[in-house]
Amino acid sequence: MTSISTDPRPLRTADLGTLVIMCWSRETPEGDVPFLLACSLGDGEGGLEATPAAVEGLLSRSGIAVGDGILDATGLPDLPVNLLVVPGAAALTMPGVNAQFVPTAQWREAVDERGYACLIFATRPWPGGEPGEAEAVAAFANHEDTLRTSAQLVLPVRSLRT
């Protein structure tokens, strides 16, 4: 008798490499909208070739599909992806990831006003070196290949209650 396992393949975190989070906000007719870009630098054990599959596996384990349009997670309390924002810091957490970053003041203001952020989690690795320049981040995040092969979510913002 042959059986087929439906268990996900083991996550090879070594193939993920360095995961970076970049934040920015963009002015729209409805006001400032906060964005996050999460991507690997492609420096994992398997190199650039292994990065897309490793990231897609990470997303799959969290119940997130790649290339399925925008998932509005504001109404999905059981989705294991969270964005925690506290004064001076923020963290994106999901199974296998706890990525902390320091948000810009403009991004923080937009998050405080909206109560959510738009996450683009790219399977495509960052092209070359350390990211940083705002124009390069925007060009990468808005590139057709990045958007087509990314998971896109509207994530509610959580904060610590005192």
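The model shown is predicted, which means the values in this text are computed figures rather than measured ones.

What counts, and at which threshold
- Residues numbered from 1 in each chain as written.
- Predicted model: local features only at pLDDT ≥ 70, side-chain atom pairs only at ≥ 80, totals over all residues.
- Heavy atoms only, no water.
- Helix = DSSP H or I, 4+ residues; strand = E, 2+ residues; numbered from the N terminus.
- Buried < 20%, exposed > 50% of the residue type's maximum accessible area, 1.4 Å probe, protein only.
- Contact = heavy atoms within 4.5 Å.
- Areas by Shrake-Rupley, 256 points an atom, 1.4 Å probe, with all protein chains shown as cover.
- Polar contact = N/O pair within 3.5 Å; in protein donor to acceptor, adjacent residues only side chain to side chain.
- Salt bridge = Lys/Arg side-chain N within 4 Å of Asp/Glu carboxyl O.
- Expected span 1.5 Å × (residues − 1).
- Pairing = 2+ DSSP bridges.
- pLDDT = per-residue confidence, 0-100.
- Core = buried A, V, L, I, M, F, W, Y, C linked by side-chain atoms within 4.5 Å.

### Description of the overall build of the chain
For step 1, the next point in the chain: Of regular secondary structure, the chain possesses five helices and eight strands.
For step 2, the next point in the chain: Its helices and strands taken in sequence order, the chain reads α-β-β-α-β-β-β-β-α-β-α-α-β from the N to the C terminus.
For step 3, the next point in the chain: The proportion of buried residues among the 162 residues of the chain is 42%.
For step 4, the next point in the chain: Counting only contacts in the chain whose residues sit at least 6 apart along the sequence, the fraction spanning at least 24 positions is 67%.
For step 5, the next point in the chain: In the form shown here, the chain has an accessible surface area of approximately 9100 Å², with 52% of it arising from carbon and sulfur atoms.

### Notes on the side chain of Thr 123
For step 1, the next point in the chain: By secondary structure assignment, the location of Thr 123 is in the loop between β7 (116-122) and α4 (134-142).
For step 2, the next point in the chain: Among the polar contacts listed, one links the side chain of Thr 123 to the backbone oxygen of Thr 149, at a separation of 2.6 Å.
For step 3, the next point in the chain: Non-local contacts of Thr 123, meaning those with residues more than four positions away in its chain, are made with Thr 51, Pro 52, Val 55, Glu 56, Leu 59, Val 66, Thr 149 and Ser 150.

### Points about the pattern of salt bridges
For step 1, the next point in the chain: For the coordinates displayed, the defined rule picks out two salt bridges.
For step 2, the next point in the chain: Measuring nitrogen to oxygen at the nearest pair gives 2.9 Å for the salt bridge that ties Arg 108 to Asp 112. With Arg 108 and Asp 112 both in helix α3 (residues 105-114) and four residues apart, this pair spans about one turn of that helix.
For step 3, the next point in the chain: The salt bridge partner of Asp 145 is Arg 148, with a shortest N-O separation of 2.8 Å. Of the two residues, Asp 145 and Arg 148 are both situated in helix α5 (residues 144-148); the distance of three residues between them amounts to about one turn of the helix.
For step 4, the next point in the chain: Overall, the relative accessible area of 31% leaves Asp 145 in the partly exposed class.

### Quick word on helix α2 (residues 47-61)
For step 1, the next point in the chain: Along its 15 residues, α2 runs 21 Å from first to last C-alpha, staying within 8% of the 21 Å computed at 1.5 Å per residue.
For step 2, the next point in the chain: Buried within α2 we find Gly 47, Ala 50, Thr 51, Ala 54, Val 55, Leu 58 and Leu 59.
For step 3, the next point in the chain: At the C-terminal side of α2, Gly 63 shows a positive phi close to 80°.

### Here's the deal with the pairing of strand β6 (residues 97-101)
For step 1, the next point in the chain: Side-chain alternation along β6 places Val 97, Ala 99 and Phe 101 on a buried face and Asn 98 and Gln 100 on a face that remains uncovered.
For step 2, the next point in the chain: Note that strand β5 (residues 89-94) and β6 share five bridges and pair antiparallel. Its bridge partner being in β6, Thr 93 is matched across the sheet by Asn 98.
For step 3, the next point in the chain: In textbook terms, the turn of a hairpin is the stretch between consecutive antiparallel strands, and for β5 and β6 this stretch comprises two residues, one of which, Gly 96, has a positive phi near 90°.

### Points about the confidence of the model for the chain
For step 1, the next point in the chain: On average, the chain scores 87 in pLDDT, and the residues at 70 or more come to 90%.
For step 2, the next point in the chain: Note that residues 1-9 has pLDDT below 50 and, in this model, two contacts with residues that lie over four places away or in other chains.

### Description of the environment of Ala 14
For step 1, the next point in the chain: As for its position among the elements, Ala 14 is in helix α1 (residues 13-16).
For step 2, the next point in the chain: Classification of Ala 14 by relative accessible area gives partly exposed; the value is 30%.
For step 3, the next point in the chain: With 40 residues separating them along the chain, Ala 14 and Ala 54 place their C-alpha atoms 8.7 Å apart.
For step 4, the next point in the chain: Among residues more than four places away in sequence, those in contact with Ala 14 are Gly 44 and Glu 45.

### Some points on the nonpolar core
Where a protein is soluble and globular, its nonpolar side chains tend to be buried together.
For step 1, the next point in the chain: Counting residues in hydrophobic clusters, the biggest one holds 29 residues, and the most contacted among them are Trp 107 and Phe 121.
For step 2, the next point in the chain: The element that contributes the greatest number of residues to this core is α2, accounting for four residues.
For step 3, the next point in the chain: Here Phe 121 is in contact with Leu 19, Ala 38, Val 55, Leu 58, Leu 59, Leu 92, Met 94, Ser 150 and Ala 151, once residues within four sequence places are set aside.
For step 4, the next point in the chain: Counting 16 residues, the second-largest nonpolar core is a separate cluster that includes Val 20, Leu 41, Ile 120 and Ala 141.

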